[in-house]
Amino acid sequence: MSVEQYEIVVVGAGPAGLSAGIFVARQRAKCMLITKDLGGQLNLIPKLENYPGTIMSSGPLLAKTLENQYLTFGGEMTYDTVQKVEEIEGTTDLRIKTVRAEYLTKALVLAPGKVPNNLGVENEVQYQNKGVHYCTKCDAPFYQGRVTATVGVGGYLLESGILLSRMASKVYLIYRGGQLGGDKEMIESLKRKNNVELVPNSSVTSVKGSNALQQIQIKDSTGSSKTLDVDGLFIEMGSKINLDFVKHLIKINTKGEIEVTDGGKTTHPAIFAAGDATNIPYKQIVAACGDGAAAGLSAFNYVEKLKGKPGIRSDWKKTIGDTVFHY
Ligand SMILES: Cc1cc2nc3c(=O)[nH]c(=O)nc-3n(C[C@H](O)[C@H](O)[C@H](O)COP(=O)(O)OP(=O)(O)OC[C@H]3O[C@@H](n4cnc5c(N)ncnc54)[C@H](O)[C@@H]3O)c2cc1C
């Protein structure tokens, strides 16, 4: 098997990976983007309201636009799954093993994102984005003045309840135990809200509706069931980040996220990272794009320095005659 050499390999075609790819390919570096799918979590966003510069877009449309931009700059892309990243003794190269191939690279940008956990109830998938949502901070604004329920774990549930209480006319906060767990101030704040009804010792067993969600069935610890009429159900069960393929090379925090510092630097000099798989506080598209661009430029500069070149600065300027051009 011939193993192709790249200057930079990017893992993941969500907004972080595609943005990293755009900034790397535009510098004419030889770049390969390896991804399981196009868009990642963008595929779960039919209505996108908070991406600056667009009044109303959709996640899949943004993914396609970013992909076109990356390919236009000469970046290469393949649909595959990265299974292992290895150091190669005696060189600065990394070996990237995927299901179907192997690649050598001088630098790696990780943008594998995360996948929200499902509740696992009947019809859940059918009502995704038709009343069933997995990101309260993203989708609560669509439920202004409407009836909602939220189910989930720990701090995720408390935050979801607080966000919804600012928008929705009614919020059922459903949890399995007898007591809410987590930050005491948040719990007290929720208890004071007139539009929040706490539903302890309960779990959601099914979701129902016609075209969109209309009702959820809940069951309490005594086994009795009841139906709640709701327009939206928010599921906040956390999410999975899978870094098994690279965790032996970089520092990962207790939440399972890649620890990054300025410019997406990890604890490995040749590995950079961006997006939801990192320890950034706000997991949103605009942040993933910005951090992806920074991680891409850091990887490019790292490779330039290996070649004995100075690298670039994102705020570089050029003086022609008396005029200073800022790029
Ligand atoms: C339901 C929902 C609604 C949302 N709504 C909004 C919103 O309205 N506004 C907003 O700003 N944000 C929203 N978000 C958050 C936003 O989608 C994420 O912050 C963003 O997508 C993170 O981008 P990312 O590139 O880090 O990761 P992701 O989008 O998760 O992309 C990760 C990519 O990596 C690939 N990958 C993973 N592992 C491997 C591997 N081993 N090999 C190859 N490829 C791999 C995946 O296939 C995927 O392409 C929402 C999230 C959800 C779940």
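Residues numbered from 1 in each chain as written. Predicted model: local features only at pLDDT ≥ 70, side-chain atom pairs only at ≥ 80, totals over all residues. Heavy atoms only, no water.

(A) Up close: the domain arrangement of the protein chain. Partitioning the protein chain into structural domains gives domain 1 (4-114 + 241-317) and domain 2 (125-236). Inter-centroid distance (C-alpha atoms) of domain 1 to domain 2 is 34 Å. Across the contact, seven residues belong to domain 1 and six residues belong to domain 2. Here domain 1 and domain 2 share an interface that buries about 540 Å² over both sides, 57% of which is from carbon and sulfur atoms. Run the count over domain 1 and domain 2 and you get zero salt bridges. Where domain 1 touches domain 2, the interface holds one residue pair in polar contact (both at pLDDT 80 or more). (Domains from an automatic or database assignment. Contact = heavy atoms within 4.5 Å. Buried area = accessible area lost by both parts, 1.4 Å probe. Salt bridge = Lys/Arg side-chain N within 4 Å of Asp/Glu carboxyl O. Polar contact = N/O pair within 3.5 Å; in protein donor to acceptor, adjacent residues only side chain to side chain.)

(B) Structural view of the state of the cysteines. Enumeration over the complete set of coordinates arrives at one disulfide. Through a disulfide, Cys135 is tied to Cys138; the S-S separation comes to 2.1 Å. When the S-S torsion is 50°, as for the bridge of Cys135 with Cys138, the disulfide is right-handed. As a non-bridged cysteine, Cys31 has Cys289 as the owner of its nearest cysteine sulfur, 15 Å distant. A relative accessible area of 1% places Cys31 in the buried class. By relative accessible area, Cys289 is classed as buried at 9%. (Disulfide = S-S within 2.5 Å. Buried < 20%, exposed > 50% of the residue type's maximum accessible area, 1.4 Å probe, protein only.)

(C) Just the sheet that holds strand S14 (residues 225-229), in detail. The strand order S12-S13-S14 describes an open sheet built from three strands, whose pairing is antiparallel. Single-partner strands in this sheet number two, and they are strand S12 (202-209) and S14. Across the sheet, the mean angle separating the axes of adjacent strands is 25° when strand polarity is ignored. Across seven bridges, S12 lies against strand S13 (residues 213-220) in antiparallel orientation. What sits directly across from Val207, in S13, is Ile216. (Pairing = 2+ DSSP bridges. Helix = DSSP H or I, 4+ residues; strand = E, 2+ residues; numbered from the N terminus. Axes fitted to C-alpha atoms, helices over the stretch in contact; angles between N-to-C directions.)

(D) Spatial organisation of the sheet that holds strand S11 (residues 196-199). Across the sheet, five strands lie side by side as S8-S15-S9-S10-S11; this open sheet has parallel pairing. Edge positions in the open sheet fall to strand S8 (132-133) and S11, since each of these has one partner strand only.

(E) Examining the environment of Gly178 more closely. Secondary-structure assignment places Gly178 in the loop between strand S10 (170-174) and helix H5 (184-192). Look at Gly178 and you get partly exposed, because its relative accessible area is 43%. As for Gly178 and Val199, which are separated by 21 residues in sequence, their C-alpha atoms are 9.1 Å apart. Among all residues touching Gly178, those that are not within four sequence positions of it are Pro200 and Asn201.

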